[in-house]
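# Inside the fold
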Amino acid sequence: MVRLLGGALGRLRSVELRGVRIPHNKATAELATTRMPLPTQVILPMHQHVGASCVPQVKRRAHVDVGTLIGHSDARMSADIFSPVSGTVREIRSIHYSDGRSDEAVVIVPDGEQTVDSAICPPEVTDYASLVEAVRHSGIVGLGGAGFPTWLKMDSDLSSIDCWLVNGAECEPYLSSDYREMVENPQTILHGISTCLDLSGVPRSLICIEDNKPKAIELLRQMAADDPRIDVFTLPARYPQGASRVILRNVTGRSVPRGGHLTDVGALLFNVTTMSEIGRFLQDGMPLTKRRITVMGDAIERPQNLEVFIGTPIGETLEFCGLKEEPRKVVIGGPMMGITQTELDAPITRPNSGLLAFAHDVVDRPQTTACIRCGACIDNCPMRLTPISIQKAYQRRDVEDLDELMADLCVECGTCSYVCPAKQPLAQSVRFARSFLRAEQRKARERR
Ligand code: SF4
Ligand code: SF4
């Protein structure tokens, strides 16, 4: 399929769209967001973002309010953590992440009062530098799952940026949290965008939405009609449309050079809920302490979009939504890119947009068989990689071949595994291959 862009980006070339059509299973999409009551405790891990872990700024037994600073790091790549509740710090303990790492977590017991920290007030923003500085102290990170500190993304040289893309694709099955943001809070999304454009001088913003969300497209188009700088760009519903490099290529026709960033090709990309949080924060000054997650899966009694306090234990969230039967698999995020969670005491953190609990659906996987050389993994990879060759090169630990095959460009979308008729664990192999290649390249640099 070929699309052409008009207007300010009209000079860009046409692009071919790749990816797969997968069942959406977005049964929660038309359910208005419900709010979860205060949990018995919130657990705030000091690493809820890409970059350095925060250091606890409170001591055991300290009283904190809603919005009180709980974690901070002097490292540039980090994002402050704030209390979502008023209450007492019960303990600072170690916590294990699902990827095997461990860290500190601050555990707070709510007092039920939800007293707001007296320091909270709307930030004073007069120019782009003060906007970036304000967002630096907002705790906002990429809310589509990436967790990259938002202020750091904004703190780039914007002189060559001609388009601020806002990602409302939400291509992962089951998830409808971004969709609810678009239909429930279009004003804060547009306030965030117009402030960013006003102060940065970036001339244009495109809100990119898959064509299976007509209500959001129509609503945002209507509401942005008065601002000629903002438009809605409709994309075909294909997975993984929302991956940053995929959406960039499919909207603008531009490809990021290997080892480069979107800013190298004149674009910024923010998740739509992240942009909305910027708009909200500018109005009320409350840092990020809550977020919406989609709770679904065949083990869930009442699937819904739920606003949770960050740090709410997964087990309490599942209990609130009701379990039809004991889940055999719990996933944080979507079914394609999410992470299996074994500890139900673990908390919901900032980048989490979904919580799925399965009793049967996706748990029973068929046996892996030999590759039949059908080429489906290659034809459908959105990054035009050859996953089966990467898998074989990784099995040989062949650094040169992995480099040649550009294993580092994988966006971990899982499409290759999904389409493989032999059920080869391709995505997992490519993920390992990518880490292996990066580690070997790092070692080679250090030896030089
Ligand atoms: S190789 Fe990576 S980018 Fe390509 S389909 Fe597989 S997981 Fe997605
Ligand atoms: S999709 Fe599976 S069976 Fe087909 S070429 Fe790739 S690895 Fe082989």
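Residues numbered from 1 in each chain as written. Chains lettered and ligands numbered in written order. Predicted model: local features only at pLDDT ≥ 70, side-chain atom pairs only at ≥ 80, totals over all residues. Heavy atoms only, no water.

## Some thoughts on the overall build of the protein chain
- Helix and strand content of the protein chain: 13 helices and 19 strands.
- Whereas a compact globule of 448 residues would reach a radius of gyration of roughly 22 Å, the protein chain reaches 22 Å, a difference of no more than 12%.
- Overall, the protein chain is about 60 × 55 × 50 Å in size when its C-alpha atoms are taken along their principal axes.
- Look at the contacts in the protein chain between residues 6 or more apart in sequence, and 72% of them connect residues 24 or more apart. (Helix = DSSP H or I, 4+ residues; strand = E, 2+ residues; numbered from the N terminus. Rg over C-alpha atoms; globule rule 2.2 N^0.38 Å. Contact = heavy atoms within 4.5 Å.)

## Digging into the layout of surface pockets
- Taken as a whole, the second largest pocket holds about 430 Å³ of empty space.
- Mapped by element, the contributors of at least two residues to the lining of the second largest pocket are helix H3 (177–184), helix H7 (272–284) and strand S15 (290–296).
- The greatest single-element share of the lining of the second largest pocket, amounting to five residues, is contributed by H7.
- Within the lining of the second largest pocket, the residues separate by chemical class into four nonpolar, six polar and 10 charged.
- Lining the lining of the second largest pocket are residues from two domains, each supplying at least three of them: domain 1 (2–30 + 122–284) and domain 2 (34–120 + 287–358). (1 Å grid on protein atoms, 1.4 Å probe; cavity = no way out; pocket = protein on both sides within 12 Å on 5 of 7 lines; lining within 4 Å. Points joined across faces, edges and corners; volume = space filled by probe spheres on them. Nonpolar A, V, L, I, M, F, W, Y, C, P; charged D, E, K, R; others polar. Domains from an automatic or database assignment.)

## Some thoughts on the pairing of strand S9 (residues 87–96)
- Sheet topology places strand S6 (residues 63–64) next to S9; two bridges connect them, and they run antiparallel. Counterpart to Val64 in the pairing with S9 is Gly87.
- Bridge count between S9 and strand S10 (residues 102–110): nine bridges; the pairing is antiparallel. Bridge pairing in S10 places Glu91 opposite Val107. (Pairing = 2+ DSSP bridges.)

## Some remarks on helix H4 (residues 186–200)
- Between its terminal C-alpha atoms H4 stretches 21 Å, which fits the 21 Å expected from 15 residues at 1.5 Å a residue.
- With respect to burial, H4 is a largely interior element, 11 of its 15 residues being buried.
- Regarding H4, the residues found buried are Pro186, Thr188, Ile189, Leu190, Gly192, Ile193, Ser194, Thr195, Cys196, Leu197 and Ser200.
- Phi for Gly201, located one or two positions after H4, is positive at around 85°. (Expected span 1.5 Å × (residues − 1). Buried < 20%, exposed > 50% of the residue type's maximum accessible area, 1.4 Å probe, protein only.)

## A short note on the domain arrangement of the protein chain
- For the protein chain, the assigned domains read domain 1 (2–30 + 122–284), domain 2 (34–120 + 287–358) and domain 3 (376–447).
- The C-alpha-based centres of domain 1 and domain 2 are spaced at 25 Å.
- Buried surface at the junction of domain 1 and domain 2, summed over both partners, amounts to about 2700 Å²; 60% is from carbon and sulfur atoms.
- Between the two partners, domain 1 and domain 2, sit three salt bridges.
- Residues Glu184 and Arg292 are paired through a salt bridge, measuring 3.7 Å at the closest nitrogen-oxygen approach.
- Seen at the junction of domain 1 and domain 2, the total is 14 residue pairs in polar contact (both at pLDDT 80 or more). (Buried area = accessible area lost by both parts, 1.4 Å probe. Salt bridge = Lys/Arg side-chain N within 4 Å of Asp/Glu carboxyl O. Polar contact = N/O pair within 3.5 Å; in protein donor to acceptor, adjacent residues only side chain to side chain.)

## Points about the site of ligand 1
- All residues in the neighbourhood of ligand 1 are listed as Cys381, Pro382, Met383, Pro387, Cys410, Val411, Glu412, Cys413, Gly414, Thr415 and Cys416.
- Judged by the fraction of its atoms near the pocket grid, ligand 1 is located in the largest cavity.
- Each residue belonging to the shell around ligand 1 can be placed in one class, and the counts come to eight nonpolar, two polar and one charged. (Near = heavy atom within 4 Å. Sits in = over half its atoms within 2 Å of the grid points.)

## Regarding the site of ligand 2
- Surrounding ligand 2, one finds Cys371, Ile372, Arg373, Cys374, Gly375, Ala376, Cys377, Ile388, Cys420, Pro421 and Leu426.
- Looking at the shell around ligand 2 residue by residue, the classes come out as nine nonpolar, one polar and one charged.

## What to know about the sheet that holds strand S5 (residues 55–56)
- Taken in spatial order, the three strands line up as S5-S7-S8 in an open sheet, and their pairing is antiparallel. The open sheet has two edge strands with one neighbour each: S5 and strand S8 (81–82).
- In this sheet, S8 lies alongside strand S7 (residues 69–72) in antiparallel orientation, the contact comprising two bridges. Looking across to S8, one finds that Leu69 is bridged to Phe82.

## What to know about the nonpolar core
- If you look at the biggest cluster of nonpolar residues, it comprises 56 residues, and the most contacted ones within it are Ile108, Met154, Trp164, Ile193 and Ile207.
- Mapped onto the domain boundaries, this core takes at least three residues apiece from domain 1 (2–30 + 122–284) and domain 2 (34–120 + 287–358).
- In this view, Met154 contacts Tyr128, Leu131, Val132, Val135, Trp164, Cys196, Phe270 and Ile278; residues no more than four positions away in its chain are not counted.
- Core analysis: the second largest hydrophobic core is formed by 17 residues, Ala346, Ile348, Ala357 and Ala359 among them. (Core = buried A, V, L, I, M, F, W, Y, C linked by side-chain atoms within 4.5 Å.)

## Quick notes on the packing of aromatic side chains
- This structure, assessed with the given rule, holds four aromatic pairs.
- Aromatic ring contacts, followed pair by pair, group Tyr394, Phe432 and Phe436 into a single cluster.
- We note Arg397 situated over the ring of Phe436; from NZ or CZ to the ring centre the distance is 5.9 Å. (Phe/Tyr/Trp six-rings, centres within 6.5 Å; stacked < 30°, edge-to-face > 60°. Lys NZ or Arg CZ within 6 Å of the ring centre and 35° of its normal.)

## Brief notes about empty space enclosed by the protein
- This model, assessed by the stated rule, comprises two cavities of 30 Å³ or more.
- The volume enclosed by the largest cavity comes to roughly 100 Å³.
- Secondary-structure elements contributing two or more residues to the lining of the largest cavity are helix H10 (387–395), helix H12 (415–419) and helix H13 (426–447).
- For the lining of the largest cavity, the residue count by class is 12 nonpolar, two polar and one charged.
- What lines the second largest cavity is Val20, Arg21, Ile22, His24, Cys171, Glu210, Ala237, Arg238 and Tyr239.
- When its residues are assigned to classes, the lining of the second largest cavity shows five nonpolar, one polar and three charged.

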